[in-house]
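The residues making up each chain are set out below.
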Amino acid sequence: MQIQGCPGSRMMSFENKDAKDSGRVVGKIQSQLKQWPIQMHLISPTAPYYQNADVLLTADCVAYALGDFHRDYLKDKSIAIACPKLDQGQEMYLEKIKAWIDDAMINTLTILIMQVPCCMGLLNLAQQAAQTAERKIPLKFVVVGVQGDILQEEWV
Amino acid sequence: MKPYLTKGIKEIIDQFPEVEKILNEYDIGCGPCNVGLCQLKDIVEIHRLPVDQEQELMARITKAIDPEAEVKIPEAKEAPPPEPKAFNYSPPMRKLVDEHVLIKRWIALIPEVVKDLEVESQAGRQLVLDGVDMIRSYADKFHHAKEEDILFKYFDENSDILKVMHEDHKQARGHVQAILEALEIKDKNAIAEHLMAYAGLLTEHIRKEDEILYPWMDSSLSTRQVGELFSKFNEADLQMGFSPKKYEAFIDSLEKKLNA
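Residues numbered from 1 in each chain as written. Chains lettered and ligands numbered in written order. Predicted model: local features only at pLDDT ≥ 70, side-chain atom pairs only at ≥ 80, totals over all residues.

Enquirer: A description of the overall build of chain B should follow, citing residues and the corresponding values.
Expert: For chain B, the count of helices and strands is eleven helices and zero strands. Secondary structure elements of chain B, listed N to C terminal, follow the sequence α-α-α-α-α-α-α-α-α-α-α. If one aligns the C-alpha atoms of chain B with their principal axes, the spans along those axes are about 65 × 45 × 35 Å. Counting over 260 residues, chain B shows a buried share of 24%. Restricting to contacts in chain B with at least 6 residues of sequence separation, those with at least 24 account for 73%. (Helix = DSSP H or I, 4+ residues; strand = E, 2+ residues; numbered from the N terminus. Buried ≥ 20, exposed ≤ 12 C-beta atoms within 10 Å, placed from the backbone. Contact = placed C-beta atoms within 7 Å.)

Laid out in structure tokens, this is it:
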């Protein structure tokens, strides 16, 4: 059957999740979030928790899809979240990413996006900002599948 | 078999030459290594073969060491066509790999330099001195120093693999010293011999780093450490006090001259 429509908003249902659960984690899972706010429009790029930090720029949906997000990705990092498809005023994001690199002197930037095509906009935005920034830093991107699997993890 | 896991590979190969052939089949080229201190277990681990291939390799090595041993060698699967290895290096490792390119271009020119080697004229001697300057300033000071003073500090410097890398650097410096001493007494044969030995040593050394050491290091480094290394490498380049462009120009002009 040929699937029609935008892959970013296509309806899907994932059944039988219990069977796939590896059962590794026991007990309450500790949040690894160490700052507030986190939405890209609300953050100040030079806030103390961004100084010399390893920063995650994460598409909104990632933390819902990725079961081990806190433990495997958020731990010891600072974060901002955004939706490249729905957010308005993304030129402000470009400036904030540049300010992370040049003013907050961040150590690395990891961009976590979903596998849907519209999410590539966030990676493109980050790359554009990194190219125009004066400092150079390592950039990594991680593509997360809609069922929470890591499809790609590479240094740019 | 167990005692051999912690033995140096050179010692094992000397005792059981078949092991070198087996390792070669899995693209593990320990044979030409000058040091051979790496333990068998570490070699198998560092090459990160697929599980079935690792089991097959270990079974075959066990059989080569002890033909009487009861070993079940997994059935060989039909080999897929070989694919060129593509590594996703982190940015600091990419920087080191990119620096290798100029060194490899110099190495590729060495046989031609040796063929036309001439030490009686000032121009002939200057070419040797320029080559030595390229090795000392670019390959050693600019490149190897980043490894020895920064990168290797993130790992156990007593590990076999890093001992091998240090030993290669030491031997390379020895060849350079020998080239300069031979130039003093205009000993053309000794200059040629040490230039060619340097080329052979560095070819193998760079292959080990690009294909084994750096990918292994990348898999062990945290994101934090990758960022730190990137900054430290950039800082080291700034403090170096010379531009690598000088050596790119040297190689460009030598390529034009020798390939004309």
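Enquirer: Please give an account of the overall build of chain A that cites residues and values.
Expert: Secondary structure summary: chain A contains five helices and five strands in total. Taken from the N to the C terminus, the helices and strands of chain A come in the order α-β-α-α-β-α-β-α-β-β. Taking all 156 residues of chain A together, 34% fall into the buried category. If you take every contact in chain A between residues at least 6 apart in sequence, the share linking residues at least 24 apart comes to 72%.

Enquirer: An account of the domain arrangement of chain B is requested, with residue identities and associated values reported.
Expert: All names here are of chain B. Segmenting chain B into domains produces domain 1 (2-65) and domain 2 (91-259). One C-alpha centre belongs to domain 1, the other to domain 2; they are set 28 Å apart. At the junction of the two partners, domain 1 supplies ten residues and domain 2 supplies ten residues. A breakdown of the residues in the side of domain 1 that touches domain 2 according to their chemical character gives six nonpolar, three polar and one charged. (Domains from an automatic or database assignment. Nonpolar A, V, L, I, M, F, W, Y, C, P; charged D, E, K, R; others polar.)

Enquirer: Before we move on, can you summarise the pairing of strand E1 (residues 54-59) of chain A with the specific residues and values?
Expert: Each regular strand shows side chains that alternate between the opposite faces of the sheet. Residues and elements named next belong to chain A. In terms of burial, E1 is largely enclosed, as six of its six residues are buried. Neither face of E1 is left uncovered, since the one carrying Asp54, Leu56 and Thr58 and the one carrying Val55, Leu57 and Ala59 both have all their residues buried. Across five bridges, E1 lies against strand E3 (residues 108-114) in parallel orientation. In the strand pairing of E3, leucine 57 is matched with isoleucine 111. Two elements, E1 and strand E2 (residues 78-82), share five bridges in a ladder whose sense is parallel. By the bridge assignment for E2, leucine 56 is matched with isoleucine 79. (Pairing = 2+ DSSP bridges.)

Enquirer: Describe the sheet that holds E3 of chain A, and please don't skip the residues or the numbers.
Expert: Sheets are built from strands paired through backbone hydrogen bonds, the pairs being either parallel or antiparallel. Residues and elements named next belong to chain A. Here we have five strands laid out as an open sheet, ordered E2-E1-E3-E4-E5, and mixed in their pairing. Only two strands of the sheet have a single partner each, and these edge strands are E2 and strand E5 (150-155). On average, each strand axis in the sheet is inclined to that of its neighbour by 15 degrees, with strand direction left out of account. Together, E1, E2, E3 and strand E4 (139-144) form the strand contacts of helix H5 (residues 120-132), whose direction differs from that of E3 by roughly 160 degrees. (Axes fitted to C-alpha atoms, helices over the stretch in contact; angles between N-to-C directions.)

Enquirer: So what's going on with the pairing of E4 of chain A? Residues and values would help.
Expert: Residues and elements named next belong to chain A. Judged by how many residues are buried, E4 sits mostly within the fold: six of six residues are covered. Residues Leu139, Phe141 and Val143 point to one face of E4 and Lys140, Val142 and Val144 to the other, with burial holding for every one of them. Traced from E3 through H5 to E4, the parallel crossover comes out right-handed. Note: E4 against E5, five bridges, orientation antiparallel. Residue pairing for E5: phenylalanine 141 is matched across the bridge by glutamate 154. In textbook terms, the turn of a hairpin is the stretch between consecutive antiparallel strands, and for E4 and E5 this stretch comprises five residues, one of which, glycine 148, has a positive phi near 90 degrees. (Right-handed = clockwise from strand over helix to strand, strands pointing away.)

Enquirer: Any details on the confidence of the model for chain B? Residues and values, ideally.
Expert: Averaged over every residue, the pLDDT of chain B is 87; the share at 70 or more is 92%. Quick note on the complex model: pTM equals 0.78, ipTM equals 0.85. (pLDDT = per-residue confidence, 0-100.)

Enquirer: Hey, could you go over the packing of helix H6 (residues 91-115) of chain B against helix H7 (residues 122-149) of chain B for me, with residue numbers and the actual values?
Expert: Residue and element names in this part refer to chain B. It is at 11 Å that the axes of H6 and H7 come closest, and there the two elements cross at 155 degrees. One way to sum up the angle between H6 and H7 is to call them roughly antiparallel. Along this stretch, H6 crosses H7, giving a crossing that reads as left-handed. For the pair H6 and H7, the contacting residues are Leu96, Glu99, Leu102, Ile103, Trp106 and Val113 in the first and Leu127, Gly131, Met134, Tyr138, Ala139, His143 and Lys146 in the second. (Parallel < 35°, antiparallel > 145°, perpendicular 65-115°, else oblique. Left-handed = near helix turned anticlockwise from the far one by under 90°.)

Enquirer: Hey, could you go over unusual backbone geometry for me, with residue numbers and the actual values?
Expert: In this model, tryptophan 36 of chain A is joined to proline 37 of chain A through a cis peptide bond whose omega is 0 degrees. Residue placement: proline 37 of chain A occurs in the loop between helix H1 (17-20) and E1. Notably, methionine 105 of chain A is not glycine yet its phi reads approximately 50 degrees, a positive angle. Given 15 C-beta atoms within 10 Å, methionine 105 of chain A falls into the partly exposed group. One non-glycine residue, lysine 186 of chain B, lies in the positive phi region at around 55 degrees.

Enquirer: So what about the nonpolar core? Which residues, and what values?
Expert: Core analysis: the biggest nonpolar cluster contains 46 residues, and Ile113, Leu122 and Ala126 of chain A have the highest contact counts within it. Leave out the neighbours within four places in its chain, and alanine 126 of chain A touches Leu57, Ile97, Leu109, Ile111 and Leu139 of chain A. One finds Trp106, Val128, Ala172 and Tyr247 of chain B within the second-largest nonpolar core, a separate group that totals 22 residues. (Core = buried A, V, L, I, M, F, W, Y, C linked by C-beta atoms within 7 Å.)

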